[in-house]
Amino acid sequence: MSPREAELTKQLEEKEQQLAQANRKIELLQQKIDLLVRRIFGSKGEKLDSAQLLLLLQGLDEPGKAPEPVAAEAPRRSKVQSPPRERSRSRLPEHLPVIEEVIEPEAVKAAPEEWRRIGQEVSEKLDYEPARFLRRRIVRPKYVQRATIDAVPVVAPLPPSLLEGSMVSAGLLAQVVVSKYCDHLPLYRQQSIYWTRYQVWLPRQTLAEWVGLAADWLQPIYNEINKEVFARGYVQVDETPIRYLAPGNGQTKLGYLWTCGAPRGDVVFHWQTSRAAYCLEKIIPVNFSGTLQCDGYEAYDCFAKGRNNIVLAGCMAHVRRKFFDARDQTPRVAGWLLGQFGQLYEVEAQLRQARAGPKLRQATRASASAPVLRRVNRVLIQFKRKNRFLPASLMGKAIDYALSEWASLQLFLEDGRLEIDNNLVENAIRPTALGKKNWLFIGEATAGQRSAIIYTIIESCRRRGIDPFAYLREVFTRLPTMTNWQVKDITPEAWAKKDQRRAA
């Protein structure tokens, strides 16, 4: 081969390598575009039925053979058909007040003495009357003694109120707070509603001041909830971004609501303007000892490093989600892995259905879930050793993430108190996601903690099935006459226990 031909051959090989690299880059970018399109326009749910999994496993675009199970699969939960519910005689709730309207025939009204009533036809409709404003007038008569001419008049003192000299009452303040943080109505919309429908003018600035007033009064209850959440020794933690207004330039910056929840207990929100590890030092009490369940965000590892009294448990849902995102590029492998995760969640569903305690959960997971995890771990390690997938691909990233979190993912097998994932605390964050689509940002940075306080109360009420308006109205009524030692008696947990005793 001549020198010229050798040079051309070398250039051709270099071009082929560059072309192969470009094709790999295009493939990775296409995966990212497809994932972004699915997240924006596709279904947000991750649930797959057996038919969808079968389609993934039968995919034709994935070269090679899908990994076969190396152990017997866990038995599927048998679907027991529930007995059909008895059809209610009335579609309308029985507890609603009844307004009765009697319609007499025209012939009867013309000559009632000629007719005899033999029965009636009754039909019911569900009606609605909008809420109303009212003026609550407090009258305090003044008295003087008849026998003493120059006696000092006697008048009853005003009952304690949330703000002396203000027109806001406990019921109105509860309505404003629930409308903003539970029904996701921004204050400017509330201002418009109150004026156009009720001819009551409440400026937005006044409403904002009332929200701050509510947060100040709820602070002791918030502190009590925060103490109880971390006293259990097992807390799930997550964070969500929320924009806040930066004063001076009219722009917004990114802050974060850190959410800490006790499974089957309350949840508490903390506001921070950063997502760094030092924020956890402000949130987690110094004397906390136990388990924090979180995702693979590196701030949690930085915080727990060097703290022997804190253990980090992983979230199986975050791992599964990454394989779910890779299902279109690698359908057979992703389908098999999603099937394995499905078996883990079948076991959890059975435990919930049986209302199993920590000891039974630990024993069942050791026998049914542990083999599935060992099987998945062997397959992922094999893929990693053989470089089956590009590290920058969706499947490659999912494998790396799963293996990096593997030690923390197995902790739920050893401790029956732990959940398999962090979904409970993620569910607590959802109302804030709905709210920020309406109000876009929360105001200046100092307003963030006020929102955290009120979200804590609202979400703790929701978790316990409490009507937040009824709760807040009574709390705002009672708080001005209470001491700090009595606050523990009006937390959502104490309120729910009181309702259970009343029902019993």
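Residues numbered from 1 in each chain as written. Predicted model: local features only at pLDDT ≥ 70, side-chain atom pairs only at ≥ 80, totals over all residues. Heavy atoms only, no water.

### Some remarks on a negative patch on the surface
Judged by side-chain charge, Glu7, Glu13, Glu14 and Glu16 come together as a negatively charged surface patch. On the secondary structure map, glutamate 7 appears in helix α1 (residues 3-41). Relative accessible area serves as the criterion here: at 37%, glutamate 7 is assigned to the partly exposed category. (Patch = residues over 30% accessible without salt bridge, like charges linked within 9 Å, V, L, I, M, F, W, Y side chains within 5 Å. Areas by Shrake-Rupley, 256 points an atom, 1.4 Å probe, with all protein chains shown as cover. Salt bridge = Lys/Arg side-chain N within 4 Å of Asp/Glu carboxyl O. Lys, Arg positive; Asp, Glu negative; His and termini not counted. Charge placed at Lys NZ, Arg CZ, Asp CG, Glu CD. Helix = DSSP H or I, 4+ residues; strand = E, 2+ residues; numbered from the N terminus. Buried < 20%, exposed > 50% of the residue type's maximum accessible area, 1.4 Å probe, protein only.)

### Observations regarding the pattern of salt bridges
Taken as a whole, this structure holds 16 salt bridges when the rule is applied. The salt bridge involving arginine 275 is made with glutamate 239; its shortest N-O contact spans 2.8 Å. Here glutamate 239 lies in strand β3 (residues 234-246) and arginine 275 lies in the loop between β5 (267-272) and α7 (278-283), a separation of 36 residues in the sequence. For arginine 275, a relative accessible area of 29% corresponds to the partly exposed category. Using a relative accessible area of 9% as the deciding quantity, one classes glutamate 239 as buried. For arginine 417, the salt bridge identified is with aspartate 415, shortest N-O distance 3.0 Å. Through salt bridges with shared partners, a single network forms among Arg232, Glu493 and Lys497.

### Considerations on the packing of aromatic side chains
Taken as a whole and assessed by the stated rule, the structure comprises 12 aromatic pairs. For the pair tryptophan 258 and tyrosine 300, a centre-to-centre distance of 6.1 Å together with 75 degrees between the ring planes defines the contact as edge-to-face. Of this pair, tryptophan 258 sits in strand β4 (residues 251-261) while tyrosine 300 sits in helix α8 (residues 298-304), and the two are 42 residues apart along the sequence. Ring centres of phenylalanine 383 and phenylalanine 389 lie 5.4 Å apart, and the angle between their planes is 85 degrees; on these two criteria the pair is classed as edge-to-face. By relative accessible area, which is 7% here, phenylalanine 383 ends up buried. Assessed through its relative accessible area of 14%, phenylalanine 389 is described here as buried. The rings of Phe133, Tyr194 and Tyr198 are connected pair by pair, giving a single aromatic cluster. One Lys or Arg, lysine 180, reaches over the ring of tyrosine 181 and ends 5.3 Å from the middle of that ring. For arginine 327, the ring lying beneath its charged end belongs to phenylalanine 324, and the centroid distance is 3.9 Å. (Phe/Tyr/Trp six-rings, centres within 6.5 Å; stacked < 30°, edge-to-face > 60°. Lys NZ or Arg CZ within 6 Å of the ring centre and 35° of its normal.)

### A look at the nonpolar core
In this structure, Ile221 and Leu472 are the most contacted members of the largest nonpolar core, which totals 74 residues. Here the element with the most residues in this core is helix α6 (residues 204-231); it accounts for 12 residues. The residues contacting isoleucine 221, other than those within four sequence positions of it, are Ile457, Tyr471, Val475, Leu479, Val487, Ile490, Thr491 and Pro492. Within the second largest apolar cluster, 35 residues are counted, among which are Val319, Trp336, Met395 and Tyr401. (Core = buried A, V, L, I, M, F, W, Y, C linked by side-chain atoms within 4.5 Å. Contact = heavy atoms within 4.5 Å.)

### A word on the pairing of β4
Both β3 and β4 contribute to a ladder of 11 bridges, which runs antiparallel. Looking at β4, one finds that alanine 246 is bridged to glutamine 251. Alignment of β4 against β5, held across six bridges, turns out to be antiparallel. Bridge pairing links cysteine 260 to valine 268 in β5. (Pairing = 2+ DSSP bridges.)

### Thoughts on the sheet that holds β4
Strand order across the open sheet formed by five strands is β5-β4-β3-β6-β7, with mixed pairing between neighbours. Strands with a single pairing partner mark the edges of an open sheet, and in this sheet they are β5 and β7 (310-313). Pairs of neighbouring strands in the sheet enclose a mean axial angle of 30 degrees, with direction left out of account. The pairing of strand β6 (residues 290-293) with β7 spans four bridges and is parallel. Among the inter-strand pairings, glutamine 293 is bridged to a residue of β7, identified as alanine 313. Lying on the sheet, α6 is in contact with β3, β4 and β5; it crosses β5 at an angle near 110 degrees. Those strands touched by helix α16 (residues 446-463) are β4 and β5, and its axis lies near 165 degrees from that of β5. (Axes fitted to C-alpha atoms, helices over the stretch in contact; angles between N-to-C directions.)

### Considerations on the packing of α16 against helix α17 (residues 468-478)
Where α16 contacts α17, the two axes come as close as 10 Å, and the packing angle between them is 125 degrees. Taken together, the axes of α16 and α17 lie oblique to each other. Along this stretch, α16 crosses α17, giving a crossing that reads as right-handed. Facing α16, whose interface residues are Ile457, Ile458 and Cys461, α17 presents Pro468, Tyr471 and Leu472. Counted by class, the contact of α16 with α17 contains six nonpolar, no polar and no charged residues. (Parallel < 35°, antiparallel > 145°, perpendicular 65-115°, else oblique. Left-handed = near helix turned anticlockwise from the far one by under 90°. Nonpolar A, V, L, I, M, F, W, Y, C, P; charged D, E, K, R; others polar.)

Just distances and angles here, no functional claims.
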